[in-house]
Structure formats: structure tokens, C-alpha cells
Amino acid sequence: PGTAEGRLYSRYERYDVGPNASSRSLERFREKVARRGGVVELVPSSDPRLNGAQGRTLIDAEGRLRVLLPADRPVKSFALVDELTHVLQLSNLARAQGSAEARRLLAAAEAGDPVARARLIQWEIKAKRSILLTLPHDAPERAEVERELRRLQAELDPYARFRSPNNGRINWDRVRQWSRR
């Protein structure tokens, strides 16, 4: 989900992944988003723009970055890391190539453009890796973040699970065995 529709989400198999964000963390997040020219909007979790996710970053009709977070559920710290990563990604693209290019990227991905979709998936992967950097190796949430990371990698590269971790080569014997099932 998420990137397939050309959107940047903080989404997992279930909502309650990761610790709740403190009010101080949320305030610092708002400040960082504002420094990049964006706004944070708290919306009902049933808002179709949020679509069940912990958070979502988009570009609104005025061309501003807008981060949606649920108003009626606990804001998750993972969502803050994930969405801040997306704010930085989109604002860096807008600074380098113009805000029209950032809007075009999201629109193209939503329309199904494979190159635009791949870029958003790569951005989602970077965001999930940022979350992993904040977690101890024995954190119980790590498995869910890693599962979402594997799902995104498989969406980007359908042969990801058949690649050697040493050199990235595809093990075609494993592919053939899998295809016979």
C-alpha cells in the first residue's frame, strides 16, 4: 500500500507499531516541518487522505508540504521519523528542481508511472531505514519495520528475496524452485 498510489505514507500491517510520540516530540516535529515551509494537520483517522496510516506527507493545492497525522489516535514516533524524512525529500527536490517537479513526481506516481513510483518506493525505504537507526537491535518493533522494508524492497525489485546478500546476484535455481510451487 501507499507507494502504489503515488503517496508517501507511514503505514504498517497494523496501526499500533512503535511508541507513542511525546507532546515535546510532536512540537519539535511541527517546528522542523515549518522550517521547510510545511504545515502539520491533525485529521480524523477516518480521513480518506490518511487512509488508515500513521501519517502521510503530500503537497497541497497551494504547493505547500502538508503532513497529516491522526487527531483521534496516538501519534506514533515512527510516523514522525517517517514523515520528516519525506518532508526533507520533497523539499530538497523542490529546492533543486522546483516545486512543480515535486508535484509532478507525486502526480506521475499516482497515475502509475513506473519511474516515479520507483522513486517514491526508494524514499519509503530510506524512511524505514531511518526508523531502524533509532531502534536497539533487540527492540520488538524492529521485526515489523523490517517486514515493511522487505515488502517495499520486493515491490521495487521482485527478485530481492532471491538475491545473494554478498554480491546481489540472483540465484536462478531458487527462482525456478519458487516458480514450481
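Residues numbered from 1 in each chain as written. Predicted model: local features only at pLDDT ≥ 70, side-chain atom pairs only at ≥ 80, totals over all residues. Heavy atoms only, no water.

1. Quick word on a positive patch on the surface
So, step 1. On the surface, a cluster of positive charge is contributed by Arg-24, Arg-28, Lys-32 and Arg-35.
So, step 2. Structurally, the position occupied by Arg-28 is in helix H1 (residues 23-35). (Patch = residues over 30% accessible without salt bridge, like charges linked within 9 Å, V, L, I, M, F, W, Y side chains within 5 Å. Areas by Shrake-Rupley, 256 points an atom, 1.4 Å probe, with all protein chains shown as cover. Salt bridge = Lys/Arg side-chain N within 4 Å of Asp/Glu carboxyl O. Lys, Arg positive; Asp, Glu negative; His and termini not counted. Charge placed at Lys NZ, Arg CZ, Asp CG, Glu CD. Helix = DSSP H or I, 4+ residues; strand = E, 2+ residues; numbered from the N terminus.)

2. Let's talk about unusual backbone geometry
Phi is mostly negative for residues that are not glycine, and the peptide bonds are mostly trans.
So, step 1. Although it is not a glycine, Asn-51 sits at a positive phi angle of roughly 55°.
So, step 2. Residue Asn-51 is classed as partly exposed on the basis of its relative accessible area, which comes to 37%. (Buried < 20%, exposed > 50% of the residue type's maximum accessible area, 1.4 Å probe, protein only.)

3. A look at the sheet that holds strand S3 (residues 55-59)
So, step 1. The four strands are arranged S1-S3-S4-S2 in an open sheet whose pairing can be described as mixed. Sheet topology places strand S1 (8-10) and strand S2 (39-43) at the edges, where each strand pairs with a single neighbour. If you compare each strand with its neighbour and ignore which way they point, the axes differ by 25° on average.
So, step 2. Sheet topology note: the S1/S3 ladder contains three bridges and is antiparallel. Bridging across to S3, Ser-10 finds its partner in Gly-55.
So, step 3. Packed onto the sheet, helix H2 (residues 77-97) meets S1, S3 and strand S4 (65-70) and runs at close to 165° relative to S1. (Pairing = 2+ DSSP bridges. Axes fitted to C-alpha atoms, helices over the stretch in contact; angles between N-to-C directions. Contact = heavy atoms within 4.5 Å.)

4. A look at the pairing of S3
Two faces make up the sheet, and in a regular strand the side chains alternate between them.
So, step 1. A large share of S3 lies buried, amounting to five of its five residues.
So, step 2. Where burial is concerned, the two faces of S3 agree: the one with Gly-55, Thr-57 and Ile-59 and the one with Arg-56 and Leu-58 are both buried.
So, step 3. In this structure, S3 lies alongside S4, joined through four bridges in antiparallel fashion. Counted as the bridge partner of Thr-57 is Val-67 from S4.
So, step 4. Between S3 and S4, which pair antiparallel one after the other, the connecting turn spans five residues, and Gly-63 there sits at a positive phi close to 85°.

5. As for the confidence of the model for the protein
The predicted coordinates ought not to be read in detail in places where the model reports low pLDDT.
So, step 1. Mean pLDDT over the protein works out to 91, with 97% of the residues at or above the 70 mark.
So, step 2. For the protein, S1 is the element with the lowest average pLDDT, namely 86, and H1 is the one with the highest, namely 98.
So, step 3. In this model residues 1-5 is a low-confidence stretch, pLDDT under 50, and it forms 16 contacts with partners more than four residues away in sequence or in other chains. (pLDDT = per-residue confidence, 0-100.)

6. What to know about the side chain of Asp-82
So, step 1. Note on placement: Asp-82 falls in helix H2.
So, step 2. At 3.4 Å, the side chain of Asp-82 and the side chain of Ser-10 are in polar contact.
So, step 3. A polar atom in the side chain of Asp-82 sits 2.4 Å from the side chain of Lys-128.
So, step 4. Ignoring sequence-local partners within four residues, the contact set of Asp-82 consists of Tyr-9, Ser-10, Tyr-12, Glu-124, Ala-127, Lys-128 and Ile-131. (Polar contact = N/O pair within 3.5 Å; in protein donor to acceptor, adjacent residues only side chain to side chain.)

7. Thoughts on the environment of Arg-181
So, step 1. Tracing the sequence through the fold places Arg-181 in the segment after helix H6 (172-180).
So, step 2. For Arg-181, a relative accessible area of 79% puts it in the exposed group.
So, step 3. It is 30 Å that separates the C-alpha atoms of Arg-181 and Arg-11, two residues lying 170 residues apart in sequence.

8. Looking at the pattern of salt bridges
So, step 1. The tally for this structure, following the rule as stated, stands at 16 salt bridges.
So, step 2. Note that Asp-157 is salt-bridged to Arg-163, the shortest N-O span being 2.5 Å.
So, step 3. Of the charged contacts, one joins Arg-176 and Asp-173 as a salt bridge, the two residues approaching to 2.9 Å between their closest N and O atoms. Taken as a pair, Arg-176 and Asp-173 lie in helix H6 at a separation of three residues, close to a single helical turn.
So, step 4. The exposure class of Arg-176 is partly exposed, given its relative accessible area of 40%.
So, step 5. One continuous salt-bridge network, built from bridges that share partners, spans Glu-41, Asp-47, Arg-49, Asp-60 and Arg-66.

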